[in-house]
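Structural features, examined
Read off the chains here:
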Amino acid sequence: MSETPEFPVAPASGSELAIRAAELDAADPLAAVRERFVLDDTVYLDGNSLGALPRAVPGRIADVVAREWGELRIRSWTESGWWTAPERIGDKIAPLIGAGPGRVVVGDSTSVNIFKAVVGGVRMAGKGCTEILVDATTFPTDGYIARSAARMTGLAVRPVEPARIADEVTERTAVALVNHVDYRTGRLNDLPSITAALHSAGALAVWDLCHSAGALPVGLDAYGVDLAVGCTYKYLNGGPGSPAYLYVREGLQERFESPLPGWNSHADPFAMDPGYAPADGILRGRVGTPDILSLLALEAALEAWDGVSIEEVRAKSLALTDFFLECVAAHVPPGRVRSVTPADHRQRGSQVALECAGAGEVMDELIRRGVVGDFRHPDVLRFGFTPLYTSFADAERAARVLGEVLGAQPDAVAPGTAG
Ligand SMILES: Cc1ncc(COP(=O)(O)O)c(C=O)c1O
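Residues numbered from 1 in each chain as written. Predicted model: local features only at pLDDT ≥ 70, side-chain atom pairs only at ≥ 80, totals over all residues.

Things to note about the UniProt feature "modified residue: N6-(pyridoxal phosphate)lysine" (unreviewed entry) in the protein
Condition: UniProt positions are given in the numbering used here, feature names are shortened, and annotations may be inferred rather than shown by experiment. Strands here mean DSSP runs of E at least two residues long; helices mean DSSP runs of H or I at least four residues long; both are numbered from the N terminus. Remark: residues whose backbone-derived C-beta atoms lie within 7 Å of one another are considered to be in contact.
When the UniProt feature table is mapped onto this chain, "modified residue: N6-(pyridoxal phosphate)lysine" (unreviewed entry) is found at Lys234. Relative to the assigned elements, Lys234 resides in the loop between strand S9 (227–230) and strand S10 (245–248). The residues contacting Lys234, other than those within four sequence positions of it, are Gly47, Asn48, Ser49, Gly51, Cys210 and His211.

Side note on the site of the ligand
Rules: What makes a residue near a molecule or strand is its C-beta atom, placed from the backbone, lying within 6 Å of it. Just so you know the grouping, Ala, Val, Leu, Ile, Met, Phe, Trp, Tyr, Cys and Pro go in nonpolar, Asp, Glu, Lys and Arg go in charged, and all remaining residues, Gly too, go in polar.
In the region of the ligand, 13 residues are neighbours, and Ser109, Thr110, Ser111, Phe139 and Cys210 sit closest. Elements with a minimum of two residues in the shell around the ligand: helix H5 (110–124) and helix H6 (140–153). Residue composition of the shell around the ligand, by class: 5 nonpolar, 6 polar and 2 charged.

Points about the UniProt feature "binding site: pyridoxal 5'-phosphate" (unreviewed entry) in the protein
Spelled out, the test is: Three exposure classes are used. Buried residues have 20 or more other C-beta atoms within 10 Å of their own C-beta, exposed residues have 12 or fewer, and partly exposed residues fall in between, all C-beta atoms being placed from the backbone.
If you check UniProt for "binding site: pyridoxal 5'-phosphate" (unreviewed entry), the listed places come out as Thr110, Ser111, Phe139, Pro140, Thr141, Asp142, Asp208, His211, Tyr233, Trp263 and Thr289 in our numbering. On the basis of their most widely separated C-alpha atoms, the annotated residues across 180 residues do not gather in one place, lying as much as 30.7 Å apart. Note that Asp208 resides in strand S8 (residues 204–208). On the basis of neighbour counts, which here come to 27 C-beta atoms within 10 Å, the residue Asp208 falls in the buried class. Ignoring sequence-local partners within four residues, the contact set of Asp208 consists of Ile114, Phe139, Asp142, Leu177, Val178, Asn179, His180, Val229 and Gly230. You can see His211 is positioned in the loop between S8 and S9.

So, the sheet that holds strand S14 (residues 374–376)
Basically, it comes down to this: Should DSSP find at least two bridges between two strands, the strands are taken to pair. The axes used here are C-alpha line fits, helices contributing only the stretch in contact, and every angle between their N-to-C directions lies in the interval 0 to 180 degrees.
Read across the sheet, 4 strands follow the order S11-S12-S15-S14 without closing on themselves; strand pairing throughout is antiparallel. At either margin of the open sheet sits one strand with a lone partner, and together these are strand S11 (337–339) and S14. Within the sheet, the average angular offset between the axes of one strand and its neighbour, ignoring direction, is 35 degrees.

A short note on the sheet that holds strand S4 (residues 104–106)
Spatial strand order, S4-S10-S9-S8-S7-S5-S6: 7 strands in an open sheet with mixed pairing. Where the open sheet ends on each side, the last strands, each with one partner, are S4 and strand S6 (156–160). Shown here is a sheet whose adjacent strand axes are inclined to one another by a mean of 20 degrees, direction ignored. As defined by bridge partners, S9 adjoins S10 across 4 bridges and the pair is classed as antiparallel. Bridging across to S10, Leu227 finds its partner in Val248.

Examining helix H12 (residues 392–408)
Keep this limit in mind: An expected span of 1.5 Å times one less than the residue number is assigned to each helix.
When the terminal C-alpha atoms of H12 are compared, their 24 Å separation across 17 residues agrees well with the 24 Å that a helix rising 1.5 Å per residue should span. Counting buried positions over the 17 residues of H12 gives 12, a clear majority of the element. Here H12 has its buried residues at Phe392, Asp394, Ala395, Glu396, Arg397, Ala398, Ala399, Arg400, Leu402, Gly403, Val405 and Leu406.

In structure tokens form, the structure reads like this:
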């Protein structure tokens, strides 16, 4: 993948960009996938927070409620496949994150799965380990949970910038918990090399895939990642609060001891044995009764991926974010925004984050004008690009409206910019 300049030297004119957008959309192999989603004429660039509704979901949920629950009732646990939904749907997510079958189980929130992964990782780490490394720029929940996990296991937590992990890991490190894509800046961390560095020091790698799964290839099996977690309501479009997932590397599963060994993870749940014996394989990542309505909404949502490869999603994501940056350079008055998303494709996820004075009010105005992104404290405008349903015309319109909003405001410079 090539490096691209953040802002081209001679910005194209607005009308040229609109023509280019139309040409890019006409040549887009994923253009028709947009029809699989319920969308309107809003430019929706917040799929990195809550993915749009896939068309397959409402009908499926209506059937689950009316027939599977309403008519079959308790029989649905077996006859409708409810009991096995966590691992069945895990197998459907697996190819999107580079995992083979039997390595992913769906259920609980990301936060809960972080707890299972970090404590489970510490329990598998070598004796004499004294610390857990946590991505210093992490989404907050990871840090909170890691600190609690450390207190419970008698270890210390040390925050480390992802780029420094290879230098900072020692033989005393049990696990490192790292975000694959930074939620704020959209920076993509180098999963293969960080994982390899952790392994060479004898530590386990735990990756949070919330902002990468469904947006770019992850390669969990190929890179020997030990444990991973992720949510399903962003690029996987599972719906508000849809369940998260846990990945445990095949070779570790026999040693994985969940800190939440609920009855669903028992080898024989219906034996109601007072003694605990873990199930084989990834089933030991389950906890209690699965959240069936949300799980089955997610399963229907995953149909939007039929015939779509994650590689073509990645290619479109990079093209969209490049094009958006080019449109921002052309439409936005100079000095009003500063991109904090890496220009280098190798370090970019699927969002563009722009520092901007008064970002909260600017985003409110964008939303009023039909462009939905989001705002992150203190001064970041986030624009998420979901290649399954975002068009190049969306990218051009979003940048144009941003330019109109900022052009209409009194002069203010982006934090950190010279002019
Ligand atoms: C990187 C990251 N990790 C964890 C979470 C929290 O997930 P949950 O609310 O499912 O626990 C989020 C939520 O957006 C996130 O972006």
